[in-house]
Amino acid sequence: MAEGKGGVSRRGFLKGFGTGVVGAAVAAKVRLGEAAPQTSPGWDGKVPVVLRVNGKEYRLLLEPRTTLVRAIREHLGLTGTKVVCDRGECGGCTVLMDNKPVYSCQVLAVEAQGHEITTIEGLVQAEELDPIQKAFVEHDAMQCGFCTPGQIMAAKGLLLKNPSPTREEILRGMSGNLCRCAAYPGILRAVESLAKKAQG
Amino acid sequence: MKNFEHVDARSLAEASRLLTEKPSVAIAGGQDLLCMMKDGLLEPARVVNLKSIPGLSRIVYDEAKGLSIGALVTLSELEEHPAVRQLYPAIAQAAGLVGSPQIRNLGTAGGNLCQKPRCWYYRGHFPCLRRGGDYCSAAAGQNRYHCILGGDPCYMVHPSDLAVPLVAFGARVEIAGPKGRRSVPLEEFYIPPRVDVTRETILRPGEVVTAIVVPPARGRISAFVKFAERGAWDFAVASVAVVVQKGEDGKLMGGRVVLGGVAPVPWLAPKASEALTGSELSEAAFGRIAELALEGAQPLAQNGYKVPLTKSLVRKALRMAVNA
Ligand SMILES: Cc1cc2nc3c(=O)[nH]c(=O)nc-3n(C[C@H](O)[C@H](O)[C@H](O)COP(=O)(O)OP(=O)(O)OC[C@H]3O[C@@H](n4cnc5c(N)ncnc54)[C@H](O)[C@@H]3O)c2cc1C
Ligand code: SF4
Ligand code: FES
Ligand code: FES
């Protein structure tokens, strides 16, 4: 999809608008750092937050009420993780926290500090898709694709803990992720294909 | 969600102080609390993180003292713990049936016991006695998921799955607060609506649950069954925990039958529990225990179905326990 070079994409707009970034460990460090309201007297409702996401450290200024998914999407610009229900009832926002699947809409960003967060963007290594991503493509495990990042992170977490789950264990491990398009048979095939590979 | 001050408590004493200085709530896994706050049902000035207090996330099993579950143990940890699975299967089963894998990875044992009611009128800002309103919207409203036992004036059902087998095992809750520590049987931790319709637990300002202590298993067998409309994410329409001992004569000896999803508190069924002693392991005997468990049930307009449903769950739990 075109993130127009000259034009203002919605994503770019939201990113530029994000007030929280103090100095992410990225190129934009200095410019964004200057914008941070560091001179205000007393508490302006924001606190410094250090997040480790996909192996990188980000220093942010966030309101304590900011959920992890908002921090990831709106302050770090990693929009692969989706917000759907925003209340722990769909799985669209699933990320890994210390390799365990969690709903990032149900975590405060301040409380994600000190944990290793992995989002869908963190699975790609040097332009190479993760085996679980490849399996989703090969087994046609999606239709509209909106639930897919969450499904893949749930599957990743399941396989990290249990590399060769049985069908029953897969169904249970994936039970926290809804798919409105009902691509469940493909999702099951994708995860099963990796479980079989692990069994050799 | 309104903004708030977020503080990591470093000790229980500090947590108690932080919780009483201004309108505050404690946060454990946040799986219930964040929903309450997003819906504007709780608007604390301060959120006190309990996860930063050392020593509250251990499971310790000791043959003489029993099982101690730290308040911050996650439901996944509880479900997977070898001693819990082997000696207290009903507890592992209940923990494993909460919400979804993601909720169990963060949700804690203490938070599960202290979670807020799920009555849709309570959550939906409708008139509700429990939230300080003039009347209970459920009494004459949409009440198919409401209670059939111990209601009046509030007909909500207690939402915790974990509390049901814990009461069945005779667990105690350990509490720390500004005035020191205390320990109460879990069934006395919950306040029936007739006693006080505005409070769910006996926790006083600044008090937190530190652990749940379950007496030694000592040959007791157990089972938990839950009926929900969906296989995941769903609260119990009804659930049953049975903890019992098999005697040498092939009959049952003392134990407890506890019902979930049918009363405003985890429902310890006294007559059914007494009837366990001396009961044969037959369908007919299990049927009698099921009848006693639901004695006195007073369904509302839409939830009569819960009576036969719960009876069948009692029989199923008994079969599961004795055949395990
Ligand atoms: C979609 C969804 C489905 C769910 N399904 C189920 C289900 O099937 N069965 C079920 O039982 N539950 C269910 N839950 C409810 C609940 O979120 C979890 O059971 C979880 O265990 C709550 O624990 P927590 O640590 O996240 O609690 P929190 O959300 O952190 O806290 C819950 C409440 O308890 C208080 N609290 C927490 N810890 C303590 C403590 N140590 N001392 C004193 N007070 C404390 C908090 O102040 C808060 O009011 C569900 C929740 C969601 C969002
Ligand atoms: S059942 Fe209880 S929680 Fe629900 S509306 Fe009535 S008083 Fe409120
Ligand atoms: S958006 Fe978090 S679970 Fe639905
Ligand atoms: S592919 Fe459309 S919601 Fe799952």
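What you are looking at is a predicted structure, and each value in this text was computed from that prediction instead of being measured. (Residues numbered from 1 in each chain as written. Chains lettered and ligands numbered in written order. Predicted model: local features only at pLDDT ≥ 70, side-chain atom pairs only at ≥ 80, totals over all residues. Heavy atoms only, no water.)

### Thoughts on the interface of chain A and chain B
In this complex, chain A contributes 32 residues to the contact, which on the side of chain B involves 29 residues. Interface area for chain A against chain B, summed over the two sides, is near 2,400 Å², with a carbon-plus-sulfur share of 52%. When the area that chain A buries against chain B is broken down by residue, the three leading residues are Arg65, Gln106 and Glu111 of chain A, summing to 26%. Joining chain A to chain B, the criterion identifies 5 salt bridges. Measuring nitrogen to oxygen at the nearest pair gives 3.0 Å for the salt bridge that ties Arg87 of chain A to Asp39 of chain B. Inspection of the chain A/chain B interface yields 19 residue pairs in polar contact (both at pLDDT 80 or more). Elements supplying a minimum of two residues to the side of chain A that touches chain B: β4 (94-97), β5 (100-103), α5 (148-161) and α6 (167-173) of chain A. Looking at the side of chain A that touches chain B, the element that brings in the most residues is β5 of chain A, giving 4 residues. Per-class residue counts for the side of chain A that touches chain B are 13 nonpolar, 10 polar and 9 charged. (Contact = heavy atoms within 4.5 Å. Buried area = accessible area lost by both parts, 1.4 Å probe. Salt bridge = Lys/Arg side-chain N within 4 Å of Asp/Glu carboxyl O. Polar contact = N/O pair within 3.5 Å; in protein donor to acceptor, adjacent residues only side chain to side chain. Helix = DSSP H or I, 4+ residues; strand = E, 2+ residues; numbered from the N terminus. Nonpolar A, V, L, I, M, F, W, Y, C, P; charged D, E, K, R; others polar.)

### As for the environment of Leu87 of chain B
Residue and element names in this part refer to chain B. Inspection of the secondary structure assignment puts Leu87 in helix α4 (residues 82-87). Counting along the chain gives 184 residues from Leu87 to Lys271, while the straight-line C-alpha distance between them is 25 Å. The contacts of Leu87, once residues within four sequence positions are left out, are Tyr61, Phe169, Ala217 and Arg220.

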